Amino acid sequence: MALNENIVREQDARISKMVHTPTFLVVAGALPGLFAATSLENGLMIGLVTAAAIVVMASIAPLLRAFTGTWSRTAVMLMVSVTVVTLLGFGVRVTDPVVFEALDIYLPLVAVNAIVVAWIAGDGLVVAPAKTPLMTAIFAAAMVLATLVFVGFINGMLTTGQVFGLTMGELAASPIAAFGKPTGSLLVLALVAVFVQSIEQMCAKGADADATSLKGGER
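Rules behind the numbers
Residues numbered from 1 in each chain as written. Predicted model: local features only at pLDDT ≥ 70, side-chain atom pairs only at ≥ 80, totals over all residues. Heavy atoms only, no water. Helix = DSSP H or I, 4+ residues; strand = E, 2+ residues; numbered from the N terminus. Buried < 20%, exposed > 50% of the residue type's maximum accessible area, 1.4 Å probe, protein only. Contact = heavy atoms within 4.5 Å. Axes fitted to C-alpha atoms, helices over the stretch in contact; angles between N-to-C directions. Parallel < 35°, antiparallel > 145°, perpendicular 65-115°, else oblique. Nonpolar A, V, L, I, M, F, W, Y, C, P; charged D, E, K, R; others polar. Core = buried A, V, L, I, M, F, W, Y, C linked by side-chain atoms within 4.5 Å. Phe/Tyr/Trp six-rings, centres within 6.5 Å; stacked < 30°, edge-to-face > 60°. Left-handed = near helix turned anticlockwise from the far one by under 90°. Expected span 1.5 Å × (residues − 1). Patch = residues over 30% accessible without salt bridge, like charges linked within 9 Å, V, L, I, M, F, W, Y side chains within 5 Å. Areas by Shrake-Rupley, 256 points an atom, 1.4 Å probe, with all protein chains shown as cover. Salt bridge = Lys/Arg side-chain N within 4 Å of Asp/Glu carboxyl O. pLDDT = per-residue confidence, 0-100. Polar contact = N/O pair within 3.5 Å; in protein donor to acceptor, adjacent residues only side chain to side chain.

## Examining the overall build of the chain
Summing up its helical and strand segments, the chain has nine helices and two strands in all. Overall, the chain shows an N-to-C arrangement of helices and strands of α-α-α-α-α-α-α-β-β-α-α. By residue count, 37% of the 219 residues in the chain fall in the buried class. Pairs at least 24 residues apart make up 73% of the contacts formed inside the chain by residues separated by at least 6 positions.

Written out as structure tokens, the structure reads:
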């Protein structure tokens, strides 16, 4: 029994270490809106809605945690998150009806992103370089927005050949079929995750080097 408890404790520690990273925030936050980011305009709009929903839900998560139980918290957060995303969806519909139609069912799915980060804020999770749970949520929102805009830009460029209003003849004549679809979006997200993880590892090595030099100076 003690051995099993040690294994479970070790597994929990590994999972906790994995989710306490910017890479996890990027993937978890961007995934539900990823399939709608088929162009720069769509990526920007779904990114803005996702970022706004994340910040709003993270702001009210401590309040919801205060008067809800462990089992009812998820249901309450889901209702609040869907309400927030629905209101944001009305804003998108008024701002750009064409993009609203293009986002289709993926716009309400942004509520899932908001719930993920609401749990992060409600449980007091802090991911460097943020210093507080709310700043962690804002940091996650900014990264998710940048990721979805980038995914939309790459998808739009490789499927239509257009970059900021200019047409690239070779790409327009022979678009890459994988992009503009979930397969291409997932590939771009994987590249973004690798990039974020490499920066994260460089920062960790720099922090370790500074700690080692500081210990050496104290001696």
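Having put the structure on the table, let's press on.
## A look at the packing of helix α3 (residues 40–67) against helix α7 (residues 133–160)
Orientation of α3 relative to α7, taken along the N-to-C sense of each, is 170°, at an axis distance of 7 Å. Between α3 and α7, the interaxial angle falls into the category roughly antiparallel. Note on element contacts: α7 touches α3 through Leu-134, Ala-137, Ile-138, Ala-141, Val-144, Leu-145, Leu-148, Val-149, Gly-152 and Phe-153, opposite Leu-40, Gly-43, Leu-44, Ile-46, Gly-47, Leu-48, Thr-50, Ala-51, Ile-54, Val-55, Ala-58 and Ser-59. Partitioned by chemical class, the residues of the contact of α3 with α7 number 17 nonpolar, five polar and no charged.

## A closer look at the nonpolar core
Ranked by size, the top nonpolar core spans 42 residues in total, and within it Ile-46, Leu-103 and Leu-148 carry the most contacts. Setting aside residues up to four positions removed in sequence, Ile-46 forms contacts with Gly-33, Ala-36, Ala-37, Leu-103, Tyr-106, Leu-107, Val-110 and Leu-148.

## Quick look at the packing of aromatic side chains
Under the definition given, this model contains one aromatic pair. Between Phe-35 and Tyr-106, the ring centres sit 6.0 Å apart and the planes meet at 65°, which makes this aromatic pair edge-to-face. Taken together, the residues Phe-35 in the loop between α2 (22–34) and α3 and Tyr-106 in the loop between α5 (97–103) and α6 (110–122) connect sequence positions 71 residues apart. For Tyr-106, a relative accessible area of 26% puts it in the partly exposed group.

## Focus on the packing of α3 against helix α4 (residues 72–95)
Closest axis-to-axis distance for the α3/α4 pair is 10 Å, and the angle between their directions is 145°. In this structure, α3 meets α4 at a crossing whose hand is right-handed. Here Met-45, Val-49, Ala-52, Ala-53, Val-56, Met-57, Ile-60, Ala-61, Leu-64 and Arg-65 of α3 lie close against α4, whose contacting residues are Arg-73, Val-76, Met-77, Val-80, Ser-81, Val-84, Val-85, Leu-88 and Val-92. For the contact of α3 with α4, the per-class residue count stands at 16 nonpolar, one polar and two charged.

## Quick look at the environment of Leu-34
Note that Leu-34 resides in helix α2. In sequence terms Leu-34 and Leu-148 are 114 residues apart; their C-alpha atoms lie 6.5 Å from each other. In contact with Leu-34, other than residues within four places in its own chain, are Leu-148, Val-151, Ser-185, Leu-186 and Leu-189.

## Details of α2
Compared with the 18 Å implied by 1.5 Å per residue over 13 residues, the 17 Å span of α2 between its first and last C-alpha is a close match. Most of α2 sits inside the fold, with 10 of its 13 residues counted as buried. Of the residues making up α2, those classed as buried are Pro-22, Thr-23, Leu-25, Val-26, Ala-28, Gly-29, Ala-30, Pro-32, Gly-33 and Leu-34.

## Observations concerning the environment of Phe-35
Accessibility expressed as a relative area gives 27% for Phe-35, which makes it partly exposed. The spatial distance from the C-alpha of Phe-35 to the C-alpha of Lys-181 is 6.8 Å, given a sequence separation of 146 residues.

## Concerning a nonpolar patch on the surface
Taken together, the side chains of Leu-134, Met-135 and Ile-138 define a hydrophobic patch exposed on the protein surface, amounting to about 240 Å² of accessible area. Within the secondary structure, Met-135 is located in helix α7. We classify Met-135 as partly exposed; its relative accessible area is 43%.

## With respect to the confidence of the model for the chain
Scored by pLDDT, the chain has a mean of 75; 68% of the residues are at 70 or more. Of all helices and strands in the chain, the one with the weakest mean pLDDT is helix α8 (residues 169–173) (61), whereas α5 scores best (85).

## Considering the side chain of Asn-155
Along the chain, the position of Asn-155 falls in helix α7. Of note is the side chain of Asn-155, whose polar atom sits 2.8 Å from the backbone oxygen of Ala-37.

## Description of the side chain of Thr-50
Topologically, Thr-50 is positioned in helix α3. Accessibility expressed as a relative area gives 0% for Thr-50, which makes it buried. The residues contacting Thr-50, other than those within four sequence positions of it, are Gly-29, Val-110, Asn-113, Val-144 and Leu-148.

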